[in-house]
Amino acid sequence: MRQVIDQLPGSKIREVANAGLGRADVLPFWFGESDEPTPAFVRDAAIRSLNDGETFYSHNLGLPELREALAGYVSSLHRPVGADRIAVTSSGVNALMLAMQALAGAGDEVVVVVPVWPNLTAQPAILGANVKRVSLKVKEGAWQLDMATLLDAVTAQTKVLLVNAPNNPTGWTLTRAEQETILAHCRHTGTWIVADEVYERVYFKPGARCAPSFLDVAEPDDRLVVAHSFSKSFLMTGWRLGWLVVPPSLLSAMGKLIEFNTSCAPVFIQRAGLSGLGGAADFVPALIGRLQHCRDTLLPQLAALRGVQVAMPEGGMYAFFRIEGHDDSLSFAKRLVTEAGLGLAPGAAFGDEAEGWLRWCFASREPARLTQGVERLKAFLGL
Ligand SMILES: Cc1ncc(COP(=O)(O)O)c(C=O)c1O
């Protein structure tokens, strides 16, 4: 086996979850998904497709009607995008891996803004690329980008800059002006930007339909690949459906890579995605309203606890916080599971930069469970 694979770290979130395995009394907020199932109109579309016998391969890039619908959906949020820039993928994580396979190989430099969902640093490492981490900095409990540090790190040697905003786990979001600065710099260095925007709709700024996107500022031919997913804003984590927006010149290469990875996304799942897009105008804003209620239920309660450092996230579905005196996040998260019945993700899972922090996924159809979780935390801390 290749050494790099042998040395891949196991998931620290799983390690915590395993400590609570089989315990019905644990409140699980460790994984990045809602406990609300996929809406019935989406499930029905998949069932119809299966009943119609749609059990065959599709085009590598996806059903033409789904690609058209995705182009329409993306264009309704950003600058116009044609279907000649859309590749349907088997999940967001698959989209990101395809992007990395296309752009970075052994020995290439990939700069990643961290802390971040660990898959984003593992993927280039698996391909043999050298990962250079640029950390966000904490200011008054909020994680922020120091632009000078990032621009210093991205040079003509940098093949890819990987940015996830809204960010998992911190909730940090790029501004339009920051995106413009990064884009101008990467045009100069010849660096590809891979933007993980899977949380773009999970954004709570009043009046905004989505977070600022690189698609708002870039030209179609810029070296930009944007990865998307049906998981978060359509409650479809288990379906494994996503998409990429790429420059037209990259599309046929993406088709080839998809052939060699998965060949295509399953057709009945693509039909489900198509129906999700059809209902997006009503469904997504309602979901985001529910998530905002969850955020607004949890965050003030956490912030009120003595010794807790936390900032209100503008995007994403996580509270990212630290508690004074508890600096070993993995052992603390394990104790919280076994002794308090509270399941959180340890900050260390997202990189050494986030050691001492904890991530709480607040996407719950019963916000009262969040309050119950805070009560357990309070009791554990003796507050
Ligand atoms: C930042 C980020 N990107 C991408 C994904 C991929 O989502 P999926 O593979 O379910 O589409 C996730 C899932 O948690 C994520 O947090």
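In the block above lies the structure referred to throughout.
Let us look at the structure shown here. (Residues numbered from 1 in each chain as written. Predicted model: local features only at pLDDT ≥ 70, side-chain atom pairs only at ≥ 80, totals over all residues. Heavy atoms only, no water.)

In this structure the tally under the stated criterion is 16 salt bridges. Across the pair Lys159 and Asp108 runs a salt bridge, and its minimum N-O distance is 3.3 Å. Here Lys159 is found in strand β7 (residues 158-164), whereas its partner Asp108 is found in the loop between α5 (92-103) and β3 (109-114), with 51 residues between them in sequence. Given a relative accessible area of 37%, Lys159 falls into the partly exposed group. (Salt bridge = Lys/Arg side-chain N within 4 Å of Asp/Glu carboxyl O. Helix = DSSP H or I, 4+ residues; strand = E, 2+ residues; numbered from the N terminus. Buried < 20%, exposed > 50% of the residue type's maximum accessible area, 1.4 Å probe, protein only.)

The sheet built from 7 strands is open, its strands ordered β2-β10-β9-β8-β7-β3-β4 with mixed pairing. Because the sheet does not close on itself, it has two edges, and the strands there are β2 (86-89) and β4 (130-135). Within the sheet, the average angular offset between the axes of one strand and its neighbour, ignoring direction, is 20 degrees. In this structure, strand β8 (residues 192-196) lies alongside strand β9 (residues 224-229), joined through 4 bridges in parallel fashion. (Pairing = 2+ DSSP bridges. Axes fitted to C-alpha atoms, helices over the stretch in contact; angles between N-to-C directions.)

Take the site of the ligand next. In the region of the ligand, 14 residues are neighbours, and Gly92, Asp196, Ser229, Ser231 and Arg240 sit closest. Take Asp196: an N or O atom from its side chain is 2.5 Å from a nitrogen atom of the ligand. In the environment of the ligand, an oxygen atom lies 2.6 Å from a nitrogen or oxygen atom belonging to the side chain of Ser229. The pocket occupied by the ligand, as judged from atoms lying within 2 Å of grid points, is the largest pocket. The element that contributes the greatest number of residues to the shell around the ligand is α5, accounting for 3 residues. Residues that form the shell around the ligand fall into these classes: 5 nonpolar, 6 polar and 3 charged. (Near = heavy atom within 4 Å. Polar contact = N/O pair within 3.5 Å; in protein donor to acceptor, adjacent residues only side chain to side chain. 1 Å grid on protein atoms, 1.4 Å probe; cavity = no way out; pocket = protein on both sides within 12 Å on 5 of 7 lines; lining within 4 Å. Sits in = over half its atoms within 2 Å of the grid points. Nonpolar A, V, L, I, M, F, W, Y, C, P; charged D, E, K, R; others polar.)

Ordered in space as β11-β12-β15-β14, the 4 strands form an open sheet in which the pairing is antiparallel. Taken across any chain shown, the strands that pair with only one partner, and hence form the sheet edges, are β11 (308-310) and β14 (345-346). In terms of strand pairing, β11 meets strand β12 (residues 318-323) through 3 bridges, oriented antiparallel. Residue pairing for β12: Val308 is matched across the bridge by Ile323.

Turning our attention to the nonpolar core. With 104 residues, the main nonpolar core has Leu150, Ile182, Phe321 and Trp360 as its most contacted residues. With 10 residues, helix α11 (residues 280-303) is the largest single contributor of residues to this core. Beyond its immediate sequence surroundings of up to four residues, Ile182 is in contact with Leu145, Met147, Leu150, Leu161, Leu174, Ile193 and Phe214. By size, the runner-up hydrophobic cluster in this structure holds 27 residues, among which are Ala87, Ala95, Leu96 and Leu251. (Core = buried A, V, L, I, M, F, W, Y, C linked by side-chain atoms within 4.5 Å. Contact = heavy atoms within 4.5 Å.)

The geometry of an aromatic ring pair comes down to the distance between the two centres and the angle between the two planes. Across all of its chains, the model carries 15 aromatic pairs by this definition. Between Phe41 and Phe283, the aromatic rings sit 6.2 Å apart at their centres with planes inclined by 70 degrees, giving edge-to-face as the arrangement. In this pair, Phe41 is assigned in helix α3 (residues 40-51) and Phe283 in helix α11, connecting sequence segments 242 residues apart. Exposure remark for Phe41: the relative accessible area of 33% places this residue in the partly exposed category. By relative accessible area, Phe283 is classed as buried at 12%. A ring pair is formed by Phe332 and Phe380, whose centres lie 5.9 Å apart and whose planes are at 55 degrees; its orientation type is tilted. Remark: Phe380 occurs in helix α13 (residues 368-381) and Phe332 occurs in helix α12 (residues 329-340); sequence separation between them is 48 residues. Using a relative accessible area of 4% as the deciding quantity, one classes Phe332 as buried. Taken together, the aromatic side chains of Tyr73, Phe230, Phe234 and Trp243 make up a single cluster linked through ring pairs. (Phe/Tyr/Trp six-rings, centres within 6.5 Å; stacked < 30°, edge-to-face > 60°.)

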